[in-house]
Number of protein chains: 2
Amino acid sequence: MINQQYPSKLLERAVSETSKLPGVGRKSALRLVLHLLRKDAAQTHALADSLLRLRDDVKFCKYCHNISDTEVCDICADQRRDRSTICVVENVQNVMAVEATGQFKGLYHVLGGVISPMDGIGPNDLQIESLVKRVGEGAIKEVIFALNPTMEGDTTNFYISRRLQALDLPSTSVKLSVLARGVCVGDDLEYTDEVTLGRSIVDRVAFKS
Amino acid sequence: MINQQYPSKLLERAVSETSKLPGVGRKSALRLVLHLLRKDAAQTHALADSLLRLRDDVKFCKYCHNISDTEVCDICADQRRDRSTICVVENVQNVMAVEATGQFKGLYHVLGGVISPMDGIGPNDLQIESLVKRVGEGAIKEVIFALNPTMEGDTTNFYISRRLQALDLPSTSVKLSVLARGVCVGDDLEYTDEVTLGRSIVDRVAFKS
């Protein structure tokens, strides 16, 4: 149904705009906007307003570049957090994922992506310069790479590590670390891929009973 | 991740509003709104505006109740269409589906749902009264029931047929018909359910070579 006729131009435009969202086809878009038509007008107004407010008023923290309502985000502004450790992540979702573990009490640095020549994303498209500058100021003791365990993530880790080494800080001053890679908690070894399983043997840790 | 902390109230509100849409969870909503943040602000403005315009300005045709930009929809206003035949459908999508076949040149009547006691939807929640009135005016020669072939659709067909019979029009004046039920074009008989296959045998038609 490529040349589907919409009974209304307003409907057609709403479907066109909605179907620009990732993963939303024209059929889903039609279903979504017709849902809004069945609901109270207040719901549509609240949705539109929330999107406009977010798009127009949201800020990015001037230190870690995470999404924030203020110039400095809540995490960077929180004096109880360990200000000597930076966890490098790709995006906002990954900050939320690490925060949800409750296992990290340091600061973040949101790159806004990873180096991916295939997608035309180079180091200058990411917040790498500002990370190097933060570390160069001398107060950071550890940088934890928490990018996705993919080729692009690994490339980005490597690039950043080279840039940090080039800072020529006293060799013992900044520790670089990366998330442990190994079998997932609850997983079945039979179905764990061999690279991950191999890595979990090489990186085995002392057994604690 | 039930108690996920959003780094921004604006983000949290946009996610909350977006996740009220059917089939959109909080994770998908987050992905959608972050996509908008990466794109030009104009895209978000166009999306919000299109939804508001649709919700606030859209009309429903005073004859067939289909979505329309005008008091009378394009189909009802089109004098080339057969004004003696009404195709009864559940919703806008089904008007579009029938139109896309190019096989129907009459008018529509959009009920806005089907009778479903389970969902608390009775005849008075639907545009049945106005259909009975349209037919009662005497110019209609055929009413085609094109509701989904479900229990609710069949119940609604039955209810409407009773209401139309109660109009006490000359018995030959209005023909009631329903979409043929049978095997789908391109389907494999082995996987056609027995009710449909049985129906296709009972309702077999003359073979045309």
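Predicted model only: the values in this text are computed from it and were never measured. (Residues numbered from 1 in each chain as written. Chains lettered and ligands numbered in written order. Predicted model: local features only at pLDDT ≥ 70, side-chain atom pairs only at ≥ 80, totals over all residues.)

Chemist: Which parts of the structure should I look at to understand the overall build of chain A?
Modeler: Helices and strands together make up the secondary structure of chain A, namely eight helices and six strands. When the helices and strands of chain A are read in sequence order from the N terminus, they spell out α-α-α-β-β-α-β-α-β-α-β-α-β-α. Taking 17 Å as the expected radius of gyration for a compact globule of 209 residues, we find that chain A reaches 22 Å, considerably beyond that expectation. The C-alpha extent of chain A, read off along each of the three principal axes, is 70 × 50 × 40 Å. Intrachain contacts of chain A at a sequence separation of at least 6 include 43% that bridge at least 24 residues. (Helix = DSSP H or I, 4+ residues; strand = E, 2+ residues; numbered from the N terminus. Rg over C-alpha atoms; globule rule 2.2 N^0.38 Å. Contact = placed C-beta atoms within 7 Å.)

Chemist: Looking at this structure, how should I read the interface of chain B and chain A?
Modeler: For interface size, the figure often reported is the accessible area lost on association. Every contact between the two is made by 51 residues of chain B and, on the other side, 51 residues of chain A. At the level of elements, helix 1 (9-18), helix 2 (26-38), helix 3 (41-57), strand 2 (67-68) and helix 5 (92-101) of chain B are the ones that each hand at least two residues to the side of chain B that touches chain A. The element contributing the most residues to the side of chain B that touches chain A is helix 3 of chain B, with 15 residues. Taken together, the residues that form the side of chain B that touches chain A break down as 27 nonpolar, 12 polar and 12 charged. (Nonpolar A, V, L, I, M, F, W, Y, C, P; charged D, E, K, R; others polar.)

Chemist: Can you help me understand the sheet that holds strand 5 (residues 142-145) of chain B in this one?
Modeler: All names here are of chain B. Reading across from one edge, 4-3-5-6 is the order of the four strands in this open sheet, with parallel pairing throughout. Looking at strand neighbours, the two that pair on one side only are strand 4 (107-110) and strand 6 (175-178), the edges of this open sheet. Strand after strand, the sheet turns through a mean of 25° between neighbouring axes, direction not considered. Strand direction decides the pairing type here: strand 3 (residues 85-89) and strand 4, joined by four bridges, are parallel. Following the sheet pairing, Cys87 is matched in strand 4 by Tyr108. Across the face of the sheet, helix 5 comes into contact with strand 3 and strand 4 while running at roughly 130° to strand 3. (Pairing = 2+ DSSP bridges. Axes fitted to C-alpha atoms, helices over the stretch in contact; angles between N-to-C directions.)

Chemist: Help me understand the sheet that holds strand 6 (residues 175-178) of chain A, please; the structure alone is not making it clear to me.
Modeler: Pairing between sheet strands relies on hydrogen bonds along the backbone, with the strands arranged either parallel or antiparallel. All names here are of chain A. Reading across from one edge, 4-3-5-6 is the order of the four strands in this open sheet, with parallel pairing throughout. One side of each edge strand has no neighbouring strand; the edge strands of this open sheet are strand 4 (107-110) and strand 6. Taken pair by pair, the neighbouring strands of this sheet meet at an average axis angle of 25°, ignoring direction. In the packing of helix 5 (residues 92-101) onto the sheet, the strands contacted are strand 3 (85-89) and strand 4, and the crossing angle to strand 3 comes to about 130°.

Chemist: I would appreciate a short explanation of helix 1 of chain B in the present structure.
Modeler: An α-helical segment advances 3.6 residues per turn. Residues three or four places apart therefore align on the same side. Within helix 1 of chain B, burial applies to B:Leu10, B:Leu11, B:Ala14, B:Val15, B:Glu17 and B:Thr18. For helix 1 of chain B, the buried positions fall inside an angular range of 165° around the axis, keeping them on one side. Buried residues in helix 1 of chain B make contact with helix 3 (41-57) and strand 2 (67-68) of chain A together with helix 2 of chain B. (Buried ≥ 20, exposed ≤ 12 C-beta atoms within 10 Å, placed from the backbone. Arc of directions from axis to C-beta.)

Chemist: How should the relation of the copies chain B and chain A be read in this particular structure?
Modeler: Two chain copies, one operation linking them: a rotation about an axis together with a shift along it. By a simple turn and slide, chain B fits onto chain A: the slide is 0.0 Å along the axis, the RMSD is 0.0 Å, and the turn is 180°. Read as a symmetry element, the transformation amounts to a two-fold axis. In terms of C-alpha distance to the rotation axis, chain B has B:Ala48 as its closest residue, with the C-alpha 2.3 Å off the axis. A share of 100% of the interface residues of chain B reappears at the interface of chain A, consistent with the copies meeting face to face through the same patch. (Least-squares fit on C-alpha atoms with pLDDT ≥ 70 in both.)

Chemist: Got a minute to help me understand the nonpolar core in this structure?
Modeler: As a rule of thumb, soluble globular proteins bury nonpolar side chains together. Counting 80 residues, the largest nonpolar core has A:Val88 and B:Val88 as its most contacted members. Every residue in contact with A:Val88, bar those within four places of it in the chain, is listed here: A:His109, A:Leu111, A:Leu131, A:Val143, A:Ile144, A:Phe145, A:Ala146, A:Leu147 and A:Ile160. (Core = buried A, V, L, I, M, F, W, Y, C linked by C-beta atoms within 7 Å.)

Chemist: Hey, could you run me through the environment of B:Lys59 in this one?
Modeler: Residue and element names in this part refer to chain B. Relative to the assigned elements, Lys59 resides in strand 1 (residues 59-60). The spatial distance from the C-alpha of Lys59 to the C-alpha of Ile140 is 24 Å, given a sequence separation of 81 residues. Beyond its immediate sequence surroundings of up to four residues, Lys59 is in contact with Ser68, Asp69, Thr70 and Glu71.

Chemist: Would you take a moment to explain the packing of helix 1 (residues 9-18) of chain A against helix 2 (residues 26-38) of chain A for this structure?
Modeler: Between two packed helices, the angle of one axis relative to the other and the distance separating the axes together describe the packing. All names here are of chain A. Where helix 1 meets helix 2, the closest approach of the two axes is 8 Å, and the angle between their N-to-C directions is 120°. Considering their axes alone, helix 1 and helix 2 lie oblique with respect to each other. In the crossing of helix 1 with helix 2, the sense of the turn from one axis to the other is right-handed. Residue-level contacts link Leu11, Ala14, Val15 and Thr18 of helix 1 to Arg26, Ala29, Leu30, Leu32 and Val33 of helix 2. Taken together, the residues that form the contact of helix 1 with helix 2 break down as seven nonpolar, one polar and one charged. (Parallel < 35°, antiparallel > 145°, perpendicular 65-115°, else oblique. Left-handed = near helix turned anticlockwise from the far one by under 90°.)

Chemist: Quick question: what am I supposed to make of the environment of B:Asp188 here?
Modeler: Residue and element names in this part refer to chain B. Position of Asp188 relative to the elements: it lies in the loop between strand 6 and helix 8 (194-202). Look at Asp188 and you get exposed, because 8 C-beta atoms sit within 10 Å. Residues Asp188 and Arg199, spaced 11 residues apart in sequence, show a C-alpha to C-alpha distance of 16 Å.

Chemist: Please explain the packing of helix 6 (residues 128-136) of chain B against helix 7 (residues 151-165) of chain B as it appears in this structure.
Modeler: All names here are of chain B. Contact geometry for helix 6 and helix 7: axes closest at 10 Å, N-to-C directions at 40°. In this view, helix 6 runs oblique relative to helix 7, as classed from their interaxial angle. Like other packed secondary-structure pairs, helix 6 and helix 7 cross with a definite hand, here right-handed. Residues Ile128, Leu131, Val132 and Val135 of helix 6 form the contact with helix 7, whose participating residues are Ile160, Arg163 and Leu164.

Chemist: It is not clear to me how the confidence of the model for chain A should be interpreted in this structure. Could you clarify?
Modeler: Close inspection of predicted coordinates is inappropriate in any region flagged by low pLDDT. Here chain A averages 91 in pLDDT, and 97% of its residues register 70 or above. For this predicted complex, the interface confidence score (ipTM) comes to 0.82, while the overall pTM stands at 0.81. (pLDDT = per-residue confidence, 0-100.)

Chemist: Could you clarify how one ought to interpret unusual backbone geometry in this entry?
Modeler: Trans peptide bonds make up most of the peptide bonds, and negative phi angles are found at most residues other than glycine. Residues and elements named next belong to chain A. The backbone of His65 sits at a positive phi, close to 70°, despite the residue not being glycine. Relative to the assigned elements, His65 resides in the loop between strand 1 (59-60) and strand 2. On the neighbour-count criterion, His65 (21 C-beta atoms within 10 Å) is buried.

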